[in-house]
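# Observations on the model geometry
The residues making up each chain are set out below.
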Amino acid sequence: MQSIYSKIRVGGENTNSVRWSWFRRFGSWKIERDSRFKKVDDKDTARFESILDSRNNPSSVLYQKTENLSAYNTDWLRKYKGEAPVVLKPKQTQEVSALLEYCNANNIAVCVQGGNTGLVGGSVPVFDEVIINLSRMNNILSFDEQSGILQCEAGVILENADKYLREKYTFIYPLDLGAKGSCQIGGNISTNAGGLRLLRYFVYFFHSLVSSLPPFLVFLSPLWFFFFFFLKSINHKYKRYGNLHGNVMGLEVVLANGNVLNLQSNNIKDNTGYDLKHLFIGSEGTLGVITKASVLCMKEPTSYNLLFLALPSFANALKVKLLAKRVLNEIISAIEFADFQSLKFPLTYLHNRCSFPLEGKYTDYPFYMLIETSGSNDTHDKEKLTQLIETLFNEKLISAGTIAQDMGQFRSIWTLREGIGPGIGESKRACYKYDVSLPLYQMYDVVENCRVRVEEMLGHDTIKRGEIDVVGYGHLGDGNLHLNVVTPTFASKYENVLEPWIYDQCSYYRGSISAEHGLGRMKGNMIHYNKSALAVNLMKNFKQLLDPKGILNPYKLKVSYPKNMLWHCFCLLLLKSNFNEQAVKPSQQKLTAFSR
Ligand code: FAD
Ligand code: MLT
Ligand code: ZN
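Because the structure is a prediction, the values reported are computed rather than measured. (Residues numbered from 1 in each chain as written. Chains lettered and ligands numbered in written order. Predicted model: local features only at pLDDT ≥ 70, side-chain atom pairs only at ≥ 80, totals over all residues. Heavy atoms only, no water.)

### Some thoughts on the coordination of the zinc ion (ligand 3)
Surrounding the zinc ion (ligand 3) are the protein donor atoms His475 (NE2), His482 (NE2) and Glu516 (OE), at 1.9 to 2.1 Å. Between the donor residues of the zinc ion (ligand 3), the gaps in sequence give the motif H-x6-H-x33-E. Here His482, found in strand S18 (residues 480-487), pairs with Glu516, found in the loop between helix H17 (501-508) and helix H18 (533-546); they are 34 residues apart in sequence, far enough to count as distant. There is no split in this pair, since His482 and Glu516 are both buried. (Donors = N, O, S within 2.8 Å, 3.2 Å for Na, K, Ca; no water. Helix = DSSP H or I, 4+ residues; strand = E, 2+ residues; numbered from the N terminus. Buried < 20%, exposed > 50% of the residue type's maximum accessible area, 1.4 Å probe, protein only.)

Listed below in structure tokens is the structure:
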């Protein structure tokens, strides 16, 4: 198949190269320290120590001068490094409130930090912002078995919340992800984390009325009303349990000026006024510090099953997904996929925790899928699974497969999938992570296009020689691809090849440049790829209203359009008019084959 990017590339003899260099203007985002922010001095630290009573709680204020703060200043991917001179660890809401009130009054910039597992650089300072780390606010406050609502502080680690619910009440937390042992409930809510089992608890998002309006309407301020209407109506769009927008029932948030906004609720239904908590879900620490949450949890399923399948093509994976949804329906709780290139990392670097569950080698098949079911009647669930497996073999959709026989195998297979990111981390190489939403029929084309682009731009044997790995995996049930490009180091020669190329691909296919990890520092200036000028302007107004001095997580998730936006639109139009439609055709053929 000819790649759509064999004609559109930087450099070489191709005439389109010039156009790509225009796009590159948006690729590297140079950030300068904002001189309005004060550098922390002794007077400030004395005040911090007094608020947190550091004489009696020595670990509540940590200094760069005396401690090694690199674990707080470096992100999980080791891609971003900040220079916070001080880390503040409050134990209660009133302390967060007093800290923010002081920082706001004195123009001290703040970086909010949970478990520091974020993958877009949002959780570490860019310059010398002080870090407010929530790890000491780790109390579970209550659980109501009747409503299923858990109330806890924001610093509770996800795995601890889940363990508490399982062991004491046979309930489960509605979110599960690979970083569960370190990430915090507040961090999950602030990033609106998706995770591995979102499918079951999936929310149908209301297509924002605001973002469908033409951008020039941004100047008509009375349209605020529509935005509030959107916030309120979002509450009614859940299929079953919903994602965090559906499961978070209430929040306590400390605003930039120190005011404590109590949006806590013990009620599943509450239609009194605008549902403001949604503003904070996914706001990445830019609108307030989440200090408490009420989360709707589910009764623990009593029957779990897990299928691991090998497939000859990605097109087959899509067919299997449709069939699985038809046959398994309400008991499906996860549908994940990975190419064989992804599995190399957990199998090589986490081999003591997982193994390849089929006969032969992982390189024998190009694609793999995990399908998990959870229900309350194992006989019924197994009958459905048997029916699915028979159909898959009869229709020759899969090449091989296995079903987990016990919880040991169940966990090992999940580790294979969850361990792709950590496995890449263990390889000690650099990883450019692109977490995108794409229409399913084009999803894997983007991975293949990326391989072609890497080879064309960085040398023809780079992938074959193992210098660079381009791997694709993700949450197939949600249309969420994780395209990871593993390189020897983080260097502009790699970044310039990948960005903004990948965002333009998403734009072309009408996907999203951030499916679940957020914008953070990495994509902080890219919001225009997915949101209209009107929507961005409304966000800017909210930011101004809640954090007028901009002290909360500055330099990240910037709610502004680039100044040269007109130029950008013009370039996009040129790209579209010049896109090699011929090469997109194979995907369209897949589409026809499916509907037959
Ligand atoms: P941090 O990383 O500390 O912070 C993330 C952002 O939230 C930052 O902008 C920070 O300022 C803000 N923030 C943190 N706490 C608060 C608070 N209390 N109030 C206000 N703002 C706050 N994500 C997914 O969506 N799905 C996955 O499947 C998934 N799997 C992962 C697997 C691994 C191995 C890793 C390392 C990460 C994964 N992630 C995944 C990324 C994900 O965003 C985080 O793991 C998690 O949601 C962040 O929680 P955290 O407590 O570590 O927050
Ligand atoms: C996942 O799905 O494994 C996570 O989002 C983390 C990653 O992108 O590796
Ligand atoms: Zn993910």
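### Some details on H17
With 8 of 8 residues buried, H17 lies mostly within the body of the structure. Looking one or two places after H17, you find Arg510, whose phi comes out positive at around 55 degrees.

### Side note on the pairing of strand S12 (residues 303-311)
Summarising burial for S12: 8 of the 9 residues are buried, a large majority. Sheet analysis places S12 next to strand S14 (residues 367-375), joined by 9 bridges and oriented antiparallel. Residue Ala310 lies in a different strand from S14, and its bridge partner there is Tyr368. (Pairing = 2+ DSSP bridges.)

### Quick word on the side chain of Asn73
Structurally, Asn73 is set in helix H3 (residues 70-73). Relative accessible area serves as the criterion here: at 3%, Asn73 is assigned to the buried category. A polar atom in the side chain of Asn73 sits 3.4 Å from the side chain of Gln64. Ignoring anything within four residues of it in the chain, the contact list for Asn73 reads Gln64, Tyr80, Lys81, Gly82, Glu83, Ala84, Val124, Pro125 and Ile131. (Polar contact = N/O pair within 3.5 Å; in protein donor to acceptor, adjacent residues only side chain to side chain. Contact = heavy atoms within 4.5 Å.)

### Some thoughts on the packing of helix H15 (residues 440-458) against H17
Closest axis-to-axis distance for the H15/H17 pair is 11 Å, and the angle between their directions is 145 degrees. H15 and H17 meet at a crossing whose hand is right-handed. Each of Val446, Asn449, Cys450 and Arg453 in H15 lies in contact with H17, whose residues at this interface are Trp501, Ile502 and Gln505. Taken together, the residues that form the contact of H15 with H17 break down as 4 nonpolar, 2 polar and 1 charged. (Axes fitted to C-alpha atoms, helices over the stretch in contact; angles between N-to-C directions. Left-handed = near helix turned anticlockwise from the far one by under 90°. Nonpolar A, V, L, I, M, F, W, Y, C, P; charged D, E, K, R; others polar.)

### Brief notes about the packing of aromatic side chains
What describes a pair of aromatic rings is the distance from one ring centre to the other and the angle between the planes of the rings. Evaluated as defined, the whole model comprises 22 aromatic pairs. Taken together, a centroid distance of 5.8 Å and an interplanar angle of 80 degrees make the contact between Phe48 and Tyr102 edge-to-face. With a gap of 54 residues between them, Phe48 in helix H2 (residues 42-52) and Tyr102 in helix H4 (residues 93-105) connect regions that are remote in the sequence. Side by side, Phe48 and Tyr102 carry an identical accessibility label, which is buried. Between the aromatic rings of Phe127 and Tyr555, the centroid separation amounts to 5.0 Å while the plane-to-plane angle is 75 degrees, which identifies the pairing as edge-to-face. (Phe/Tyr/Trp six-rings, centres within 6.5 Å; stacked < 30°, edge-to-face > 60°.)

Honestly, that's just the spatial picture; any functional story needs more than this.
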